[in-house]
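Close look at the chain arrangement
Listed below, chain by chain, are the residues.
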Amino acid sequence: MTGKMPKQTISPKRYFWLVGGLTLVWIGLYIQSKPTWVQNIKEQLGLSPVLVANQDSFYNSRIDPIMEKYCAACHDDNKAKGQLRLDSFRQLTFSGKSGADLTLLDNNLLLERMSLPATDRLAMPPFGRERHNDAELALIKLWLTKGGSGTLTEEDFPEAPAKAKVIKFYDIDWQKIDEQRLAYKTQVEKLQEQYPHVLHYQARTSHLLVLDVFSMKSRFDDQVLEQFSQALAPVISELNLANSSISSHAVEHLLTMTNLTKLHTQGTQIQKSDVSQLAKLPTLETLVLDQALVDEDIEALFAQQGIALIAVKQG
Amino acid sequence: MKKIKIWDAATRIFHWALVLNIFAAWYTIENRLIELHEIFGHCLIALLVFRVLWGLIGSSTARFSHFLVHPVAALSYLKQSLRLQTHHQIGHNPAGGWMIIVMMLVIGFQLVSGLLSNNDLGLSGVLSDYVSKEMSDTFTQLHSINFEILVGIIWLHLVAVFFYVLVKKDNLIKTLLTGKKQLTKPLNQAAESALYFAPVRLGVICLLVACGFAYWLYQ
């Protein structure tokens, strides 16, 4: 299947020089079509300052949130539809496949596409997506009229309407809460059955527990507390022992409750000499106790630990 | 010197249909014609499936068994060919054979990633529902990256083709259009008798199977 070569007119060397040249042109054009690469190269060589909007810029405070809300889902580093990213001033400056300068007001492609009727094939955001309102579009236009800058601050835009206050509700990770509750579920159910009405979760969104012995009062003693602390010490967050029968022996059980933030001990048998030990509780924020147990040293000690001391007069 | 038939119509039509479909798929996505892009994608699936079938049961020069050699032998051929020390006459040359496999794999991945990708605007590849949204987004990205690899491979392919046309004076383009080649050296009897061209009806059956598969996916 092989034979002698036919006569050639271009030498392989010349051909590959030509191919090499064309490849270099092609690579050059390819790099040129990637403004991010060009800017990175310039910055690395010190030919250009780092292209970012100032922290206090009008862009960051007013324009970026609009882009984040309506555009970034499809125009971020993950997708960059149309090779356009709108997740920062830097990326917006690089423009997209069109190569149009998006920081100029005249013939601004971004503004044009955002101004199209929602049902237009070229409208942005595309039909069906959450769409900006006229005020937001006007704000972008205002920013562009002053040069699409990443340095001008809000003070440079006195005519811009005041920024709306946004209240954010953080997502609740129900799965995580369920998992955290699961670790103590059996113990909680058992103790709830044995001692009704004293144990409940701090909130629907929490795995931490509140132990309130009001319904048991004097029936709640050191032995019962020991039962709770042995089973649930790391997840008890609030503990109301007021008027129960616990004594100073209970302190050692209390000290195992590493997430305890609120503790009521008024009307109990805890002695003055043991109160100071409660300052060792790492997360304790509030301690309610009999006034008789409080003196200047105790006050100073708890103040030093950042624990609010509430003294209650019994009578 | 004798002019003999090297490529059957099926292989030639496949090649140029592949060129047109890749160009059309690129053009449609560049112009936001996503529905047409999907149709051309499925046409490419049909073409790829057809080529695999034809590579197994088609004409001798189209068969994998005809052009797949050990990679070391392919590299050795490439080295000699660049020095103009050897000239392949019939079918795909050993290095070109591997280029076909690489190209089929890259195009294959392009098609699979396209089937699993989405455009966030309600149009998704037909298999995208079988993976999570995150996975589909990943394949959308890979679809885009793989196209750049495909362009690189097409460039390499063109460099090789024009090396034959301009340097070796072997017009592969004309051969792939007409199917016939002017030999520089007469073939021996065994090589000539080993040439086998599958009947047209077999090509039609393979094409129907491939189109049926692509259409079934599209539905």
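Residues numbered from 1 in each chain as written. Chains lettered and ligands numbered in written order. Predicted model: local features only at pLDDT ≥ 70, side-chain atom pairs only at ≥ 80, totals over all residues. Heavy atoms only, no water.

With that out of the way, let us pick up the overall build of chain A. Looking only at helices and strands, chain A features twelve helices and six strands. By its C-alpha atoms, chain A is 110 × 70 × 45 Å across when sized along the principal axes. In chain A, which comprises 315 residues, the share counted as buried stands at 39%. By sequence separation, contacts in chain A at least 24 residues apart represent 49% of the contacts at least 6 residues apart. When the accessible surface of chain A is totalled, it reaches about 18800 Å², and 54% of it is carbon and sulfur. Across chain A, 33 positive and 37 negative side-chain charges occur, with their mean positions spaced 15 Å apart. (Helix = DSSP H or I, 4+ residues; strand = E, 2+ residues; numbered from the N terminus. Buried < 20%, exposed > 50% of the residue type's maximum accessible area, 1.4 Å probe, protein only. Contact = heavy atoms within 4.5 Å. Areas by Shrake-Rupley, 256 points an atom, 1.4 Å probe, with all protein chains shown as cover. Lys, Arg positive; Asp, Glu negative; His and termini not counted. Charge placed at Lys NZ, Arg CZ, Asp CG, Glu CD.)

In this section: the interface of chain B and chain A. Taken residue by residue, the interface counts 34 residues in chain B and 32 residues in chain A. The contact between chain B and chain A buries some 2800 Å² in all, and 58% of this surface belongs to carbon and sulfur atoms. Of all residues in chain B, the largest losses of buried area upon contact with chain A belong to B:Arg32, B:Asp120 and B:Trp155, amounting jointly to 21% of the total for that side. Counting every contact that joins chain B to chain A gives one salt bridge. A salt bridge links A:Lys34 to B:Glu148, with the nearest nitrogen and oxygen atoms 3.7 Å apart. Joining chain B to chain A, the criterion identifies five residue pairs in polar contact (both at pLDDT 80 or more). Counting only elements with at least two residues in the side of chain B that touches chain A, the list comes to helix 1 (9–30) and helix 6 (133–167) of chain B. Looking at the side of chain B that touches chain A element by element, the count peaks at 13 residues for helix 6 of chain B. Residues that form the side of chain B that touches chain A fall into these classes: 15 nonpolar, ten polar and nine charged. (Buried area = accessible area lost by both parts, 1.4 Å probe. Salt bridge = Lys/Arg side-chain N within 4 Å of Asp/Glu carboxyl O. Polar contact = N/O pair within 3.5 Å; in protein donor to acceptor, adjacent residues only side chain to side chain. Nonpolar A, V, L, I, M, F, W, Y, C, P; charged D, E, K, R; others polar.)

As a further point, take the domain arrangement of chain A. Domain boundaries assigned for chain A yield domain 1 (58–156) and domain 2 (174–312). Spacing between the C-alpha centres of domain 1 of chain A and domain 2 of chain A amounts to 54 Å. (Domains from an automatic or database assignment.)

The subject of this paragraph is a positive patch on the surface. Residues B:Lys3, B:Lys5, B:Lys174 and B:Lys180 make up a contiguous surface patch of positive charge. Tracing the sequence through the fold places B:Lys180 in strand 2 (residues 180–182). (Patch = residues over 30% accessible without salt bridge, like charges linked within 9 Å, V, L, I, M, F, W, Y side chains within 5 Å.)

Counting 41 residues, the largest nonpolar core has A:Phe220, A:Phe228, A:Leu232, A:Leu239 and A:Leu263 as the members making the most contacts within it. Here this core takes five residues from helix 9 (residues 222–232) of chain A, the largest share from any one element. Look past the residues within four positions of A:Phe220 in its chain and what remains in contact with it is A:Leu211, A:Val213, A:Leu225, A:Phe228, A:Leu241, A:Ser244, A:Ser245 and A:Ile246. B:Phe14, B:Ala25, B:Leu44 and B:Ala62 belong to the second-largest nonpolar core, a separate cluster that totals 32 residues. (Core = buried A, V, L, I, M, F, W, Y, C linked by side-chain atoms within 4.5 Å.)

Here the focus is the confidence of the model for chain B. This prediction gives chain B a mean pLDDT of 91; 100% of its residues lie at or above 70. Of all the helices and strands in chain B, helix 8 (residues 189–194) of chain B carries the lowest mean pLDDT, 76, while helix 2 (residues 34–57) of chain B carries the highest, 96. (pLDDT = per-residue confidence, 0-100.)

The predicted model of chain A has a mean per-residue pLDDT of 90, with 97% of residues at 70 or higher. At the low end of the mean pLDDT range in chain A sits helix 11 (residues 272–275) of chain A, at 89; at the high end sits strand 3 (residues 236–240) of chain A, at 96.

Residues apart from glycine generally show negative phi values, whereas peptide bonds are mostly found in trans. The omega torsion of the bond from A:Met124 to A:Pro125 falls at -10 degrees, within 30 degrees of zero and hence cis. Examined against the element boundaries, A:Pro125 turns out to sit in the loop between helix 5 (109–115) and helix 6 (134–145). For A:His197, which is not a glycine, the phi torsion comes out positive at approximately 70 degrees. Within the secondary structure layout, A:His197 lies in the loop between helix 8 (185–194) and strand 1 (199–201). Of the residues examined, A:His197 reaches a relative accessible area of 73% and is grouped as exposed. At B:Lys169, a position not held by glycine, the phi torsion is positive, near 55 degrees. On the secondary structure map, B:Lys169 appears in the loop between helix 6 and helix 7 (172–178).

As a further point, take the sheet that holds strand 6 (residues 308–312) of chain A. Residue and element names in this part refer to chain A. Read across the open sheet, the six strands follow the order 1-2-3-4-5-6; overall the sheet is mixed. Of all strands in the sheet, those with a lone pairing partner are strand 1 and strand 6, marking the two edges. When strand polarity is set aside, the average angle formed by the axes of neighbouring strands in this sheet is 20 degrees. When strand 5 (residues 286–290) meets strand 6, the two strands line up parallel, connected through five bridges. Bridge pairing links Val 288 to Ile 310 in strand 6. (Pairing = 2+ DSSP bridges. Axes fitted to C-alpha atoms, helices over the stretch in contact; angles between N-to-C directions.)

This model, assessed by the stated rule, comprises 17 aromatic pairs over all chains. On the basis of an interplanar angle of 80 degrees and a centroid distance of 6.3 Å, the ring pair of B:Phe163 and B:Tyr164 is categorised as edge-to-face. Accessibility expressed as a relative area gives 3% for B:Phe163, which makes it buried. What makes B:Tyr164 buried here is its relative accessible area of 6%. Through a chain of ring-to-ring contacts, the aromatic side chains of A:Tyr15, A:Phe16, B:Phe163 and B:Tyr164 assemble into a single cluster. Across from the ring centre of A:Tyr201, 3.6 Å away, lies the NZ or CZ of A:Arg181, which sits over that ring. The ring of B:Phe197 has B:Lys5 lying over it, and the distance from NZ or CZ to the ring centre is 4.7 Å. (Phe/Tyr/Trp six-rings, centres within 6.5 Å; stacked < 30°, edge-to-face > 60°. Lys NZ or Arg CZ within 6 Å of the ring centre and 35° of its normal.)

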